[in-house]
Every structure is written in C-alpha cells, then in structure tokens.
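# An overview of the molecular structure
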Amino acid sequence: MFSVFRRKPAAVVAPDAGDGARPPDAAGDPTPLPGTTRRAPPTRLHRPKPLPELKRRWRGCLIGGAVGDALGAPVEFKSLEEIRAELGPGGVHGYLEAFGRFGAITDDTQMAMFTTEGLLRAYTHGALQGSVDVAAIVDHAYLRWLHTQRSSAPVQPVLDGWLVNETALYASRVPGATVMQSLQRKQFPGERPRNHSKGAGGAMRVAPVGLYCARLHEGMSDERVARHALELGAEIASLTHGHPTGQLAAGAVAALVALLARGRPLAEALDLACALLERRPGHDETLAAIVRARELAAAGPASADQIARLGEGWIAEEAVAIAVYSALAAGEFDAGVRLAVNHDGDSDTTGAIAGNLLGVLHGIESIPTRFTNGLELVDALVALADDLATFPLWPVGEFQPASDLSEHWLERYPAH
Ligand SMILES: [Mg+2]
C-alpha cells in the first residue's frame, strides 16, 4: 500500500445495501429509467438532487457512451462487409449478443466509470485537504479497475468505496493492451508510462472529465471550463498513453463534453475546442482529424463510406474523428451511434465516444428505450451521473458542518 494514502480498513458498502447500485429514482425522481428496478432508498438522508437540466445531460452522456459501447462490442473485430453480410445493409441497429448477454458493456465503459469515481474522490480529497493531484487519484481508481480484471501492479489499491463492489464490473471485456501494461507496471499512482502509444484507450474513458469540469466551474466562462477539461482529459490519458496525440485527442473529448454539457451547440463547441487545441504543442494530428471530420460531415449525407475515409478508430485521433463525424452527420442519438459502430474498425470505442457526445448534446430522453432496456450496469451508471451532477453541494470539507450525510459521501467516495 502506498504511503500517500490514509490507511483505513476497507469501508465497504455492500451492493445489496442499495447504494452501490442506486436506482435512478432513489433521489425522488418519479420517472425511473425504463429497464431499471425501483428500490427503496437505503437511508433517510436528504441527498442533493441534480437539477433537471444537468440530470438529463449528465445521464445522457454516461448512459449514451455505454449504449454506443454495447452496440459496438459484438462487431469490434468485424469488417463492414462482414457486418452487412450477417445483418443486412443497415448493419447493427440493436443489441446483439456479446460476452454471453445482450447489452454488454466493455472496458471503455468500465474505465469511464472508474474515471468518474476517481474524479469524485479527488473532489472529497480536495475538500478535506485543500489541494489535490486529481490525476493521481484517478490513477488509483484505475488500479481498482485493474483489480476487477483480476490483475495487479506493484502498488496495491485500497479497495474501498462502492464502485469496486459492483460485481458486474468483475468481467474481462477485451481490455486494451496499452492500458493493461501501463497499469500493471505502476510503482505509485500517477506514475507515467514509458510508452509512445496513441491508442484510443485514453479518449474512450474521459467524457466524465468534461462533466466534472462543467460542474466544478459553473460560474466561469466557456473558455475556462473547456481549457481545464482539455488539460485534465489529456493528463488523465497520459496515465497510460505517452504520445501527445493519445493525450490531446482525449483532451478534445473532455472539452467537447464540457461545452455540450453547458448547452453549447455542437458546431460552436467544436470551434472552441479546436481553438484551444491549437495552442497545445503536439496538436497537429488531432486537430487535422477533427477538421477532416467536419469537412466530410458538411460535404454530404451521412454514410459509412465517409467514415472509412477517417480511419478505423484504433488510434486516438481517428476514434475522435469518427465520433465527431457521426454526431455531426446524423444529428440525433439513434442514427448517430449506429453510424459510429457500423464500420471496419474499433466499433465499441467509436460508439462509446459518439454516444457520450450525442447523449450530452441531446439528453437522456433522446436515447431510445430499446437501448436503455437491458443495458448492463445501467443503475450504477445513473448513480455515477447523478453524483457527478451534484458533487459540489456535498457537505464535505473543513468549512462545511459535518453530518451523517458527510459520512455517507466519504464512505461512498473515500478521499484517496
Ligand atoms: Mg472496448
């Protein structure tokens, strides 16, 4: 166990205590998501409720990403020709069986969930201590994810908080080699890898960074929020990916999500994200890929042929370009995620990023119930989205009066 972390017994919230998989209506929302079960709230605590506008976008982003991931998972290693031969000219239009079930998520969503957990634990740490290395705490969360993959690193994570007790996360869903190797070599959380990878493993997991920054800096300018999202998204990608493109493509996703979360139209968000990217060294490949995606989307109707011109999505800038193209060309959630998964390449990752963008842009109500029904871990995703939409209101920190609710949040998101 590393010395920077407070040693404490693993304070475990049992999943069946209810809070580990808080249903969407636990905070009083009368309209639970289709396909989820209504359960009694575990306590009488008066937890803050997300504002409706935040709730729809925050849930849309995380659940949208998971839907795109689950749609793409069964065809990740299939060519478009194979997909069409099997499913007809329209390709994937609903869940197919993967990993023994329908609606199975993959490592993309698993890691985005641990990104969210890490960000919220960074918040509680900062509230208690006054300063925080956000990336190191997110890295600690990734070491808990590594534990769910039944693997380990020289440094052992503390297995507390609620997320690591979600039993459905203990499933191997073809995790990326770069991410696994980088984490398996960690001597301490926050250590940077010795690789030059620009795989899409950073970009696929950082959408929550955009939501976090949008919430943290609510009163600030768009530019300030997007700049922080870009920097933090790139830094969090740098925990596993050494190439600037692997990092900046992730930063671009986080910046776009932050701006869309604040209600900016997609074209405006792209303009600002590109302007911020341009100021960062090593931006050429990422910026060029996004510009190309915009040009192709403006040139004609949405098509899989145009996606092929952007690459296959195994590398970061291609994955982001395909997601941006899909979001722009389709203009709505259903058609956009289907566009993003029906191609030759890394369908679950391009689907996940497109789903993040389209979900935050159009809100949870834009996601068809045939996708939310049966989506793996949907209750946990809703809980994470709602926590990420309320966190600055938690009574945690030296200037806040301590209460039962403080304990609740610190048990849920321990400050390390
Ligand atoms: Mg995957």
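Please read all numbers here as calculations on a predicted model, not as lab measurements. (Residues numbered from 1 in each chain as written. Predicted model: local features only at pLDDT ≥ 70, side-chain atom pairs only at ≥ 80, totals over all residues.)

### Observations concerning the overall build of the protein
Each helix and strand in the protein was counted, giving 17 helices and two strands. Here the protein holds 416 residues, and 58% of them are scored as buried. Here the analysis covers contacts within the protein between residues at least 6 apart in sequence; of these, 75% occur between residues at least 24 apart. (Helix = DSSP H or I, 4+ residues; strand = E, 2+ residues; numbered from the N terminus. Buried ≥ 20, exposed ≤ 12 C-beta atoms within 10 Å, placed from the backbone. Contact = placed C-beta atoms within 7 Å.)

### Regarding the confidence of the model for the protein
For the protein, per-residue confidence averages 90 on the pLDDT scale, and residues scoring 70 or more make up 89% of the total. Below pLDDT 50 for its whole length, residues 1-30 participates in 64 contacts with residues either more than four positions away or in separate chains. For residues 37-42, every residue scores under 50 in pLDDT, and the model assigns this stretch 11 contacts once sequence neighbours within four places are set aside. (pLDDT = per-residue confidence, 0-100.)

### Observations concerning the nonpolar core
Ranked by size, the top nonpolar core spans 132 residues in total, and within it Ala203, Val253, Ala254, Val257 and Val320 carry the most contacts. Excluding residues within four positions of it along the chain, alanine 203 makes contact with Ala237, Ala249, Ala250, Val253, Ala316, Ala319, Val320 and Ile353. (Core = buried A, V, L, I, M, F, W, Y, C linked by C-beta atoms within 7 Å.)

### As for helix α9 (residues 266-278)
The first and last C-alpha atoms of α9 sit 18 Å apart over 13 residues, in line with the 18 Å expected at 1.5 Å per residue. Those residues of α9 that sit buried are Leu266, Ala269, Leu270, Leu272, Ala273, Leu276 and Leu277. Buried residues in α9 make contact with α7 (222-237), α8 (244-261), α10 (284-299), α12 (316-330) and α14 (347-362). (Expected span 1.5 Å × (residues − 1).)

### Observations regarding the environment of tyrosine 212
Relative to the assigned elements, tyrosine 212 resides in helix α6 (residues 207-216). Each C-alpha atom of the pair tyrosine 212 and threonine 116 lies 8.2 Å from the other, and the pair is 96 residues apart in sequence. When sequence neighbours within four positions are dropped, the list of residues in contact with tyrosine 212 reads Leu119 and Leu388.

### Thoughts on the environment of glycine 65
Relative to the elements of secondary structure, glycine 65 occurs in helix α1 (residues 52-72). Judged by the 33 C-beta atoms lying within 10 Å of it, glycine 65 falls in the buried class. C-alpha of glycine 65 to C-alpha of isoleucine 105: the two residues are 40 residues apart in sequence and 9.5 Å apart in space. Beyond its immediate chain neighbours, meaning those up to four positions away, glycine 65 contacts Thr109, Ala112, Ala207, Ala352, Gly355, Asn356 and Gly359.

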